Every structure is written in structure tokens, then in C-alpha cells.
Amino acid sequence: MQNQNHDNDNNETRSDGAQLCPSKGLHSNNYGGIEANGKDKSSSFLEEGKKVSDENTENLSRTTTNALPIISIARHSISTAAMCMCSLVHAYLLISVFPYAGYMVIDLIDDVTEENAGTYAGLIASSFMAGRTLSSYHWGKLADVYGRVFVLNASLVLSAIFSVLFGMSPTFRYAMIWRFCLGFSNGIIGTAKTAVTELAHGDERLERRAMGLVIGMRGWGFLISPALGGWLAE
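Residues numbered from 1 in each chain as written. Predicted model: local features only at pLDDT ≥ 70, side-chain atom pairs only at ≥ 80, totals over all residues. Heavy atoms only, no water.

## Quick word on the confidence of the model for the protein
Argument step 1. Taken as a whole, the protein shows an average pLDDT of 77; of its residues, 69% reach a score of 70 or greater.
Argument step 2. Here residues 1-39 scores under 50 on pLDDT; set against residues more than four positions off or in separate chains, the count is 12 contacts.
Argument step 3. Across residues 60-68, confidence stays below pLDDT 50; counting only partners more than four residues off in sequence or on other chains, it has four contacts. (pLDDT = per-residue confidence, 0-100. Contact = heavy atoms within 4.5 Å.)

## Regarding the packing of helix α7 (residues 188-199) against helix α8 (residues 204-233)
Argument step 1. At their nearest, the axes of α7 and α8 sit 9 Å apart, and the two run at 160° to each other. Looking at the two axes, α7 sits roughly antiparallel to α8. Here the hand of the crossing between α7 and α8 comes out right-handed. Facing α7, whose interface residues are Ile-189, Lys-193, Val-196 and Thr-197, α8 presents Glu-207, Ala-210, Met-211, Val-214, Ile-215 and Arg-218.
Argument step 2. When grouped by side-chain class, the residues that make up the contact of α7 with α8 number six nonpolar, one polar and three charged. (Axes fitted to C-alpha atoms, helices over the stretch in contact; angles between N-to-C directions. Helix = DSSP H or I, 4+ residues; strand = E, 2+ residues; numbered from the N terminus. Parallel < 35°, antiparallel > 145°, perpendicular 65-115°, else oblique. Left-handed = near helix turned anticlockwise from the far one by under 90°. Nonpolar A, V, L, I, M, F, W, Y, C, P; charged D, E, K, R; others polar.)

## With respect to the side chain of Ser-87
Argument step 1. Structurally, Ser-87 can be placed in helix α2 (residues 28-95).
Argument step 2. Of the polar contacts made by the side chain of Ser-87, one reaches the backbone nitrogen of Arg-218; its length is 3.5 Å. (Polar contact = N/O pair within 3.5 Å; in protein donor to acceptor, adjacent residues only side chain to side chain.)

## Section: α8
Argument step 1. Between its first and last C-alpha atoms α8 spans 42 Å; for 30 residues at 1.5 Å apiece the expected length is 44 Å, and the two agree.
Argument step 2. The axis of α8 is deflected most strongly, by about 35°, at Ile-224, and proline Pro-226 appears within four residues downstream.
Argument step 3. Taken together, the buried positions of α8 are Leu-206, Ala-210, Met-211, Val-214, Gly-221, Ser-225, Gly-229 and Gly-230. (Expected span 1.5 Å × (residues − 1). Bend = angle between axes of the 7 residues up to and from the residue. Buried < 20%, exposed > 50% of the residue type's maximum accessible area, 1.4 Å probe, protein only.)

## So, the nonpolar core
Argument step 1. Counting residues in hydrophobic clusters, the biggest one holds 14 residues, and the most contacted among them are Val-105 and Ile-124.
Argument step 2. Those elements that provide at least two residues to this core are α3 (101-108), α4 (117-146) and α6 (172-184).
Argument step 3. Discounting chain neighbours no more than four positions away, the residues touching Ile-124 are Val-97, Val-105, Phe-166, Phe-172, Ala-175, Met-176 and Arg-179.
Argument step 4. Of all hydrophobic cores here, the second largest spans 11 residues; its members include Cys-86, Ile-188, Ala-195 and Ala-210. (Core = buried A, V, L, I, M, F, W, Y, C linked by side-chain atoms within 4.5 Å.)

Now the structure itself:
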């Protein structure tokens, strides 16, 4: 009887106080539950920490976005207007020759008439793009080394010089050479697009608006330049 009572007491101790006797291997279920609860709590803490970090990042970006209009919206607008003017100048240099190229060829070459002037006029018009094709890559490298502003200023100054020389060409050969140099010295459009992206400083809204204005101004240049070039030629 005493042995049975002692066994019963041990069984009760095992069943009721398993967590009090870890040395006998009776703690596995309870400690497993404690470990699982610890893992759940740690994972929940990690998720809460991640949420707090995301909220802080979002608040920081909002603060930066809200501070940007106060600091640099005016400067960005001026820079965008300058890039739009560069795009307009590029379109004029490319398109303005089309209305008077045929008449220019007739004046420069004695044997050319209105019937065969189209071939020579096409050569003058295409020589600009031939120069651009050969120099675009090198203008991009110069922009990376010396900066976008340097390339834009150099392109505008050289374009003005070669435009005057092209208009004063005494022969068809000189007209071809100066028109080719005009395209070769032109690194405006690629540099302007790159500058628009950099001026936004990661603000996608400003970048989209500025890029649309710059590209749209080129379309306006294609519209206005032939009329302006024909009027100036007369």
C-alpha cells in the first residue's frame, strides 16, 4: 500500500508538476510551448520594428518632398526653361534650312535648276545629321568629364558661329562643310535630356513634367522653324 501510494504521489507529481522536474525529461511539452511563444513574440517584435522603420522612411521622404518646393522649385523652373530654349534652338538648327535649301543650291551652283536642285538640297540638309552621328558619343563623354553646362554652352556658341559661316558660304562645297560642322558641334539634345533628369534630384513628378516640356518644345520648334526660316530667307 505504501509503495502504491508512493507511486501515485510520483505520478501526480509527474502529471501536475512536470515543469518542476526538468531533470527527468518531463518538461519537453511545456518548454516547447514556451519556446514557440518566444519565437512568436520575437517575430512580432521584428514585424513591428520593420513597420516603424518603413513609417520613418516614408515620413522622411515626405519631409524631403515637402521641403523641396520651398527650397528649389523656382530654381528648377528656371533650369527647365533654359533646357526648353536649348531644345528649341536645336530644332531650329535642324529644320530651318528646309524651306530655302533648294533656292540656296540654285544660287551656289550654276548648272543646277529647279528640276535637279532636290538632290543637292537633300545633301545640305542631311549633312547636319551626319555630323551629329559622328559626334554625339564624344559630346556625351565630354559632358561626363566637364559637366552638362560646359557642353551646352560650347554647343550653343559653336552653333552660332557655324550658322553664320553657313549663311555666308560662297560655294556649295563650303555650305556642305559648314553645315556638317554645325551638326558636329551640336551636343544639345542629349545633354539637355540628361540635365533634366539630374535637376529633378530623384523627384519623379518634377522629372516627368520637365521632360515633357523639353521634348514638347522640340515639337514646337519643328512647327515654327520652317516658317521662321523661310521668312528670314526672303
